Amino acid sequence: MGIYLISSCMSYMLYKFLSMFKKKDSFIKILVSFLPLIILSAVRYNVGWDYLKIYTNGFFLIGEEKMPQYFTEIPFDFLVKFIYIISNANPDWLFIVCTIITFIFLTKAIKDQSVNVGFSILLVFFIRYYFLTLNIVRQGIAMSILLYSLKYIKENNFKKYIILVILASCFHLMSLVYIPIYFLTKINWKKRKNMFLFVIFPILAIIAIFIIINFTKYGNYINSKFDLNEFLIHEIILSSIVLMLAIVEKKELKKQSEYFDIYFILQLITFGTAILSKFIPVADRIIWYFYLQNIFFIPLLIKNIKSINLKALIVMILFIVLFINVYMQTVFGDSYSIIPYNTIFNK
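What follows is about the nonpolar core. Counting residues in hydrophobic clusters, the biggest one holds 109 residues, and the most contacted among them are Tyr4, Phe34, Tyr178, Trp288 and Ile295. If near-sequence neighbours (up to four positions away) are discounted, tyrosine 4 is found in contact with Leu37, Leu40, Val47, Phe125, Tyr130, Phe131, Leu134, Ile338 and Tyr341.

Written as structure tokens, this is what we have:
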């Protein structure tokens, strides 16, 4: 796991180095900062559970037209076919292109939303999103697009928001669960009559998830090794802590960031999904759609802490807890099949 931690720290240090010459956080500056992680992902070989069995195998089945509609998302099949043609049937380029797409949208999201870019860069590693992109590649791309789409909720631009949600669904159909998020963030929750929606939405969301799963290839995940059928303890603990911090400083945080209500609602959904995770099929994958916003929400909450000593203590404890979880998941649990790391140059 050392190579991933080192690359993450290199990205953070590169960001700090570039900040010495250019304080403004431009798209190019942040993208360049991500280069150690981008390169590590782009040139990997047989890293991640799905690398050979799903993506490399699918690349040739689609390219050779043995199974033109291999993935659930037909637009992604077309992208794979296009890469097959222009790369002269080299599957390495599929992972290079997917990595670039993921980090372009992730970078755009961080540029627009993060109050502490360096902190957000580190959290990409420490909340395990980076490892997820090495495994469930399509969902990793979709999540980065959806993260960027939050900008248009803040700007009340439903047209651009829905375009991005549809684009994300071209990579991972489950992205459609984001459609109601726009409307949930526009509701005045101070009115008691609207509170019943918090009861109805989880029920409707679970029904929608069951429909999507049962009428697509995602149905294969039910009762498979990917369907954990257990409570997501880490997500329950982290979302509880984040919610408590958010509730305590809600008034002040709402003044500081127009994104607060959006993150808060996504955090509530994260908490609800984690609590019900034992009863929701493949909950560990679904929850990521709502959990990922923590790369912005956590820095926002930390920034609001006035005491420097308390802030340093909380950040230290946070990173220790997150690192322990990363270590347990990647080394002991082998949840992501990222060890050992191999490259396309020594396959």
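Note on placement: serine 175 falls in the loop between α10 (158–169) and α11 (179–184). Those residues in contact with serine 175, other than ones at most four positions away along the chain, are Ala142, Leu146, Val165, Ala168, Ser169 and Tyr289.

What follows deals with unusual backbone geometry. Between isoleucine 339 and proline 340 the backbone carries a cis peptide bond, its omega angle lying at 5°. Locating proline 340 in the fold gives a position in the segment after α19 (308–332). In this model, glutamate 65 sits at a positive phi of 60°, which is unusual for a non-glycine residue. Checked against the element boundaries, glutamate 65 lands in the loop between α4 (51–63) and α5 (74–86).

With that out of the way, let us pick up the side chain of asparagine 304. Tracing the chain through its elements places asparagine 304 in the loop between α18 (294–303) and α19. Excluding anything up to four places from it in sequence, asparagine 304 contacts Glu249, Glu252, Leu253 and Gln256.

Counting buried residues along α18, nine of its ten residues qualify, which places the element largely inside the surrounding structure. Within α18 the residues assigned to the buried category are Asn294, Ile295, Phe296, Phe297, Ile298, Pro299, Leu300, Leu301 and Ile302.

Before going further, it helps to examine the packing of aromatic side chains. Inspection of every chain in the model, using the stated rule, returns 36 aromatic pairs. Summarising the aromatic geometry, the rings of phenylalanine 125 and phenylalanine 126 are spaced 4.9 Å apart at their centres and angled 85° between planes, so their arrangement reads as edge-to-face. A residue is classified by how much of its surface remains accessible, and phenylalanine 126, at 9% relative accessible area, is buried. Where tyrosine 263 meets phenylalanine 297, the ring centres are 5.7 Å apart and the plane angle is 50°; that geometry is what we call tilted. With a gap of 34 residues between them, tyrosine 263 in helix α15 (residues 260–275) and phenylalanine 297 in helix α18 connect regions that are remote in the sequence. A single burial state applies to tyrosine 263 and to phenylalanine 297, both of which are buried. Among the aromatic residues, those joined into a cluster by ring pairs are Tyr4, Phe34, Phe103, Phe119, Phe125, Phe126, Tyr130, Phe131, Phe319, Phe323, Tyr327 and Tyr341. Sitting above the plane of the phenylalanine 27 ring, lysine 108 keeps its charged end 5.8 Å from the centroid. One residue, lysine 186, lies across the ring of tyrosine 182, its end atom 5.1 Å from the ring centre.

Attention now goes to the pattern of salt bridges. Under the definition given, this model contains eight salt bridges. With its nearest N and O atoms 2.4 Å apart, the salt bridge here joins arginine 138 to glutamate 73. In this pair, arginine 138 is assigned in helix α9 (residues 137–154) and glutamate 73 in the loop between α4 and α5, connecting sequence segments 65 residues apart. Considered together, arginine 138 and glutamate 73 belong to a single accessibility category, that of buried residues. Ionic contacts of the salt-bridge type, sharing partners, join the residues Lys111, Asp112 and Lys151 into one network.

Conventions adopted
Residues numbered from 1 in each chain as written. Predicted model: local features only at pLDDT ≥ 70, side-chain atom pairs only at ≥ 80, totals over all residues. Heavy atoms only, no water. Core = buried A, V, L, I, M, F, W, Y, C linked by side-chain atoms within 4.5 Å. Buried < 20%, exposed > 50% of the residue type's maximum accessible area, 1.4 Å probe, protein only. Contact = heavy atoms within 4.5 Å. Helix = DSSP H or I, 4+ residues; strand = E, 2+ residues; numbered from the N terminus. Phe/Tyr/Trp six-rings, centres within 6.5 Å; stacked < 30°, edge-to-face > 60°. Lys NZ or Arg CZ within 6 Å of the ring centre and 35° of its normal. Salt bridge = Lys/Arg side-chain N within 4 Å of Asp/Glu carboxyl O.

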